[in-house]
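Okay, here's what each chain looks like letter by letter:
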Amino acid sequence: MGDIKKALTRGELMARIKSRDTRPELRVRHFLWASGFRYRLHGKQLPGKPDIVLTRYQTVIFVHGCFWHAHADCKQFTIPKTRTSFWTEKLARNQARDAAATTRLQAMGWQVIVIWECELAGLNGRARLVRLIAEILGAEGI
């Protein structure tokens, strides 16, 4: 079965997908800022260009979209039914790139925290953000 969208419409939709300043990323940033954390954005000098860099805590945060980073066992992630082999290969490359960046950052002494888009949805999102602060501070809980 072919794509139900016309090629022009599909291109317009895909062009609107952002890699920076996404809603989940903004939610995390606003929560951190309100909690008193100061950070840098999109550390170009670091492997993987982390979304948030907390230099004081030697911590980086990646806010991953469930689809683009192929979040396993997630309701929001399914392989598209068209061009399945293309998407499978692309998402596998994304996962390999993520793993390589995480390994390099950890070897450099950085703590790496990954927050998934689905973790921020609904009522559980605030609890996840509170746990995030505990992870940054290295505490057992708050």
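Residues numbered from 1 in each chain as written. Predicted model: local features only at pLDDT ≥ 70, side-chain atom pairs only at ≥ 80, totals over all residues. Heavy atoms only, no water.

A.B. asks: Explain the overall build of the chain to me, using residue names and the numbers behind them.
C.D. replies: What the chain contains, in helices and strands, is four helices and four strands. Starting at the N terminus and ending at the C terminus, the chain contains elements arranged as α-α-β-β-β-α-β-α. The buried share among the 142 residues of the chain stands at 34%. The contacts in the chain between residues at least 6 apart in sequence include a share of 53% that link residues at least 24 apart. Accessible surface, the chain: about 9500 Å² in total, of which carbon and sulfur atoms supply 54%. (Helix = DSSP H or I, 4+ residues; strand = E, 2+ residues; numbered from the N terminus. Buried < 20%, exposed > 50% of the residue type's maximum accessible area, 1.4 Å probe, protein only. Contact = heavy atoms within 4.5 Å. Areas by Shrake-Rupley, 256 points an atom, 1.4 Å probe, with all protein chains shown as cover.)

A.B. asks: Provide a residue-level description of helix α3 (residues 84-107), including the pertinent values.
C.D. replies: In this model α3 runs 35 Å from its N-terminal to its C-terminal C-alpha over 24 residues, within 8% of the 34 Å that 1.5 Å per residue would give. Where α3 terminates, the next one or two residues include Gly109, which has phi positive at roughly 95 degrees. (Expected span 1.5 Å × (residues − 1).)

A.B. asks: Just give me the short version of the pairing of strand β4 (residues 111-116), but keep the residues and values in it.
C.D. replies: Relative to β4, strand β3 (residues 59-64) is paired through six bridges, and the arrangement is parallel. Within β4, the position partnered with Thr59 by the bridge is Gln111. Taken together, β3, α3 and β4 constitute a β-α-β crossover, and its handedness is right-handed. (Pairing = 2+ DSSP bridges. Right-handed = clockwise from strand over helix to strand, strands pointing away.)

A.B. asks: Lay out the sheet that holds β4 in plain terms, naming residues and giving numbers.
C.D. replies: Strand pairing within a sheet occurs via backbone hydrogen bonds; the two strands may be parallel or antiparallel. Pairing is mixed across the open sheet formed by four strands, whose spatial order is β1-β2-β3-β4. With partners counted over all chains shown, the strands left at the sheet margins are β1 (40-41) and β4, one partner each.

A.B. asks: I'd like a description of the pairing of β3, backed by residues and values.
C.D. replies: Within β3, six of the six residues are buried, leaving the element largely enclosed by the surrounding structure. What sits between strand β2 (residues 52-54) and β3 in their antiparallel hairpin is a turn of four residues, with Gln58 showing a positive phi close to 50 degrees.

Geometry only, nothing functional implied.
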